[in-house]
Amino acid sequence: MIVAAFPGQGSQTPGFLSPWLELDGVRERLEAASDAAEVDLIAAGTEWDADRIRDTRVAQPLIVAASLVSYEALRARAGEPGAVAGHSVGEIGALVAAGVLGFEDGMRLVGERGRAMAEAAAQADTAMSAVVGGVEGQVLQAIADAGLEPANFNGGGQIVAAGSREGLAALAENGPRGARVIPLQVAGAFHTSYMAPATGALQTAVDAIAEVGDPTLPLWTNSDGTTVPTGARALELIVHQVSHPVRWDLCMNSFVDAGIAGLVELAPAGALTGLAKRGLKGVPTVAVKTPDDLDAAAALLA
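Small disclaimer: the values here were computed from a predicted structure and weren't measured. (Residues numbered from 1 in each chain as written. Predicted model: local features only at pLDDT ≥ 70, side-chain atom pairs only at ≥ 80, totals over all residues. Heavy atoms only, no water.)

1. A closer look at the nonpolar core
Then, number 1: Grouped together as the largest cluster of nonpolar side chains are 81 residues, with contacts concentrated most on F6, V84, M107, L109 and L219.
Then, number 2: Top element by residues in this core is helix α4 (residues 56–78). It accounts for 10 residues.
Then, number 3: Formed by 17 residues, the second largest nonpolar core is a distinct cluster that contains A5, M252, L272 and L280. (Core = buried A, V, L, I, M, F, W, Y, C linked by side-chain atoms within 4.5 Å. Buried < 20%, exposed > 50% of the residue type's maximum accessible area, 1.4 Å probe, protein only. Helix = DSSP H or I, 4+ residues; strand = E, 2+ residues; numbered from the N terminus.)

If you want it as structure tokens, here you go:
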């Protein structure tokens, strides 16, 4: 079994979409995605600077659209993977790949998610930092002592703390022994209680989706690392995960238990394959950053 993994926020870089536009049909696909998400994704992925694409209203649909066009290009070459999973907003891309949502419904949903989370983030000056290394219990205690919340349990010795900038500064100054505290380029304390105001708008967007299917591929949720049996449950978890921690560590544990033979990370790739090197030691990985990486990904799928 090969898992196709859909990345989350922070993976985007200026201009990363440019090489994908050279593939047949990608421009038209991105135009449709832009209309659904209400963001000019072609301009965002080719022209806009790092600050503009850090805005969560832009970053979320941009990342999901990129992962889906790269997934479609890979599937055209090598067929479907054995299973799918997504980190944070990447879970919406995984739902589309698994047949729970159609492409345009997925893009409409991620557009609404980005706007709702941006509005929630604007209510307080918050941010996120990765804590790499250290003993997990001590890391969690240090996060709590700084008045912060754990937002992502990424595995491989990485936990992301989120909350006030003052709290993050205090954590950096008095970090747990053996750990590094690294600020992340995101626009708020995602996957914490600060995002509770976004859940109502997201639930309304979910309720407006007319066609929801059950997964046609094994679909792992980053809420608790289990596979999701129905489309209705998958959408419940999409709303839930906005204000609760991402448990990518539990997803990787489940990958190991399932005996996966490899992991392909879709564009804009790099973060999840980096985590896999520590949390999935010995499992082959391919990061699909540009179309030049499709051959290696197709070979792994084969």
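So, next bit.
2. Some points on empty space enclosed by the protein
Then, number 1: Tallied over the full model, the rule gives 1 cavity of 30 Å³ or more.
Then, number 2: Here the largest cavity defines a volume of roughly 40 Å³.
Then, number 3: If you go around the largest cavity, the residues you meet are E91, L95, L219, W220, T221, V228, A234, L237 and I238.
Then, number 4: Ranked by residues supplied to the lining of the largest cavity, first place goes to helix α10 (residues 231–241) with 3 residues.
Then, number 5: Here the residues of the lining of the largest cavity are counted per class, giving 7 nonpolar, 1 polar and 1 charged. (1 Å grid on protein atoms, 1.4 Å probe; cavity = no way out; pocket = protein on both sides within 12 Å on 5 of 7 lines; lining within 4 Å. Points joined across faces, edges and corners; volume = space filled by probe spheres on them. Nonpolar A, V, L, I, M, F, W, Y, C, P; charged D, E, K, R; others polar.)

3. Focus: the sheet that holds strand β5 (residues 158–164)
Then, number 1: On the basis of which strands lie adjacent, the open sheet formed by 4 strands has the order β4-β5-β3-β6 and antiparallel pairing. Looking at strand neighbours, the two that pair on one side only are β4 (149–155) and β6 (179–183), the edges of this open sheet. Each neighbouring strand pair of the sheet contributes to a mean axis angle of 25 degrees, computed without reference to strand direction.
Then, number 2: Examined bridge by bridge, β4 and β5 share 5 bridges and lie antiparallel to one another. Its bridge partner being in β5, G155 is matched across the sheet by Q158. (Pairing = 2+ DSSP bridges. Axes fitted to C-alpha atoms, helices over the stretch in contact; angles between N-to-C directions.)

4. Section: the sheet that holds strand β2 (residues 83–86)
Then, number 1: Spatial strand order, β7-β2-β1-β8-β9: 5 strands in an open sheet with parallel pairing. Since the sheet does not close on itself, it has two edges, and those belong to β7 (219–220) and β9 (285–287), each with one partner.

5. What about the packing of aromatic side chains?
Then, number 1: All chains considered together, the criterion is met by 3 aromatic pairs.
Then, number 2: Centre to centre, the rings of F6 and Y71 are 5.7 Å apart; their planes meet at 45 degrees, and the pair counts as tilted. Within this pair, whereas F6 is found in strand β1 (residues 2–6), its partner Y71 is found in helix α4, the two being separated by 65 residues in sequence.
Then, number 3: Judged by relative accessible area, Y71 falls into the buried class, the value being 3%.
Then, number 4: Ring geometry for W220 and F255: centres 4.9 Å apart, planes at 70 degrees, overall edge-to-face. Of the two residues, W220 is situated in strand β7 and F255 in helix α11 (residues 248–258); the sequence distance between them amounts to 35 residues.
Then, number 5: Taken together through their ring pairs, the aromatic side chains of W220, W248 and F255 make up a single cluster.
Then, number 6: When the ring centre of W48 is taken as origin, the NZ or CZ atom of R52, which lies over that ring, is 3.8 Å away. (Phe/Tyr/Trp six-rings, centres within 6.5 Å; stacked < 30°, edge-to-face > 60°. Lys NZ or Arg CZ within 6 Å of the ring centre and 35° of its normal.)

6. Observations regarding the environment of F255
Then, number 1: Looking at F255, the relative accessible area reads 0%, which means it is buried.
Then, number 2: Between the C-alpha atoms of F255 and A85, which are 170 residues apart in sequence, the distance is 9.9 Å.
Then, number 3: Contacts of F255, omitting those with residues within four sequence positions, involve V3, A85, W220, W248, I260, L263 and L280. (Contact = heavy atoms within 4.5 Å.)

7. A closer look at the environment of V58
Then, number 1: Here V58 is to be found in helix α4.
Then, number 2: On the basis of relative accessible area, V58 is assigned to the buried category, the value being 9%.
Then, number 3: Counting along the chain gives 56 residues from V58 to G114, while the straight-line C-alpha distance between them is 7.1 Å.
Then, number 4: Apart from the residues lying within four places of it in its own chain, the contact partners of V58 are V39, A44, W48, R52 and I53.

8. Considerations on the pairing of β2
Then, number 1: With burial as the criterion, each face of β2 is covered, one bearing A83 and A85 and the other bearing V84 and G86.
Then, number 2: Where β2 and β7 come together, 2 bridges link them in parallel fashion. Bridge pairing links V84 to L219 in β7.

9. Describing the side chain of Q60
Then, number 1: Tracing the chain through its elements places Q60 in helix α4.
Then, number 2: Classification of Q60 as buried rests on a relative accessible area of 0%.
Then, number 3: When residues no more than four places from it in sequence are discounted, the contact partners of Q60 are Q9, V89, V110, R113, G114 and M117.

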